[in-house]
Amino acid sequence: MKELFNHIYSSIPKETTLVAVSKTKPLEKIEEAYNIGQRDFGENKVQELTEKQQVLPNDINWHFIGHLQRNKVKFIAPFVYLIHSVDSIRLLNEINKCATKNNKKISCLLQFHIAKEESKFGFSIDELYNEFNNTSPEKWDHINFTGVMGMATFSDNKEIVQSEFKKLRLIFEKLKNDFFKDNSNFKTISMGMSQDYEIAIQEGSNMIRVGSALFGKR
Ligand SMILES: *Cc1c(COP(=O)(O)O)cnc(C)c1O
């Protein structure tokens, strides 16, 4: 495993955060990665995440990367480091509410639908602009807006993947300019997985979410 981590560490810019996606993987695998020095881990199921969080070291940064149901936000609110998958205003409202109860701010990425596939969650740019033109992001006073997230189409066609990542990069720049100019926290573009993280980095990603290339097939 160490070789696989070192291969990725050495092939990405040092400002890029590697989120090791440990979903479905046992505690021992996470501990092994932790002992190499990895601190950012990604999970996509609330129950699995909370079970792992309870027994693993406290200085792990837990990233929630899957579709998040509103009634489960309360379980991760006390400890989650970053929610990548905010895909609706109702979810944003709920996260804001739980963050307020926990007397903290919760860092969130706005997830955009950039892929051709129907099944992928996320805002469209028009949808989000409708909301933010009506309600300034500052209304969500316990949300720390730190950037955007997206998933490209699962495809071997490099041009399709590249154009989707370009699109997310442009969305980020536009949002930054229109709503987050004075917010220095708004700086993260979470894109790129095992299959396509190299293309993502070329297109401006500074946070990649890599599972199978590190931990093996699921
Ligand atoms: C599973 C998952 C990943 C990691 O996928 P790999 O292909 O194993 O690298 C990244 N992002 C999200 C949102 C995921 O659900």
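Residues numbered from 1 in each chain as written. Predicted model: local features only at pLDDT ≥ 70, side-chain atom pairs only at ≥ 80, totals over all residues. Heavy atoms only, no water.

1. Brief notes about the overall build of the chain
Here is step 1: The helix and strand tally for the chain stands at nine helices and eight strands.
Here is step 2: Rg of the C-alpha trace for the chain: 17 Å, near the compact-globule value of 17 Å for 218 residues, within the 12% margin.
Here is step 3: C-alpha extents for the chain along the principal axes are approximately 50 × 45 × 30 Å.
Here is step 4: Here the chain holds 218 residues, and the buried ones make up 51% of them.
Here is step 5: By sequence separation, contacts in the chain at least 24 residues apart represent 60% of the contacts at least 6 residues apart.
Here is step 6: Taking the average location of the 30 positive side-chain charges in the chain and that of its 28 negative ones, the two points are 3 Å from each other. (Helix = DSSP H or I, 4+ residues; strand = E, 2+ residues; numbered from the N terminus. Rg over C-alpha atoms; globule rule 2.2 N^0.38 Å. Buried < 20%, exposed > 50% of the residue type's maximum accessible area, 1.4 Å probe, protein only. Contact = heavy atoms within 4.5 Å. Lys, Arg positive; Asp, Glu negative; His and termini not counted. Charge placed at Lys NZ, Arg CZ, Asp CG, Glu CD.)

2. What about the site of the ligand?
Here is step 1: In the vicinity of the ligand, the contacting residues are Val21, Lys23, Ile65, Met149, Met151, Met193, Ser194, Arg209, Val210, Gly211, Ser212 and Arg218.
Here is step 2: For the ligand, an oxygen atom lies 2.7 Å from a polar atom in the side chain of Lys23.
Here is step 3: For the ligand, whose free accessible area comes to 400 Å², the fraction covered by protein is 90%.
Here is step 4: Classifying every residue of the shell around the ligand gives six nonpolar, three polar and three charged. (Near = heavy atom within 4 Å. Polar contact = N/O pair within 3.5 Å; in protein donor to acceptor, adjacent residues only side chain to side chain. Areas by Shrake-Rupley, 256 points an atom, 1.4 Å probe, with all protein chains shown as cover. Nonpolar A, V, L, I, M, F, W, Y, C, P; charged D, E, K, R; others polar.)

3. Remarks on the packing of helix 6 (residues 125-134) against helix 7 (residues 158-179)
Here is step 1: Where helix 6 meets helix 7, the closest approach of the two axes is 12 Å, and the angle between their N-to-C directions is 10°. Of the possible angle classes, the one that applies to helix 6 and helix 7 is roughly parallel. Residue-level contacts link Ile125, Leu128, Tyr129, Phe132 and Asn133 of helix 6 to Ile171, Lys174, Leu175, Asp178 and Phe179 of helix 7.
Here is step 2: Of the residues assigned to the contact of helix 6 with helix 7, the class counts are seven nonpolar, one polar and two charged. (Axes fitted to C-alpha atoms, helices over the stretch in contact; angles between N-to-C directions. Parallel < 35°, antiparallel > 145°, perpendicular 65-115°, else oblique.)

4. Comments concerning the nonpolar core
Here is step 1: Counting residues in each nonpolar core, the largest one holds 63 residues, and the members touching the most others are Ile76, Ile83, Ile95, Leu110, Phe112, Phe145 and Leu175.
Here is step 2: The dominant element in this core, judged by the number of residues it contributes, is helix 7, at seven residues. (Core = buried A, V, L, I, M, F, W, Y, C linked by side-chain atoms within 4.5 Å.)

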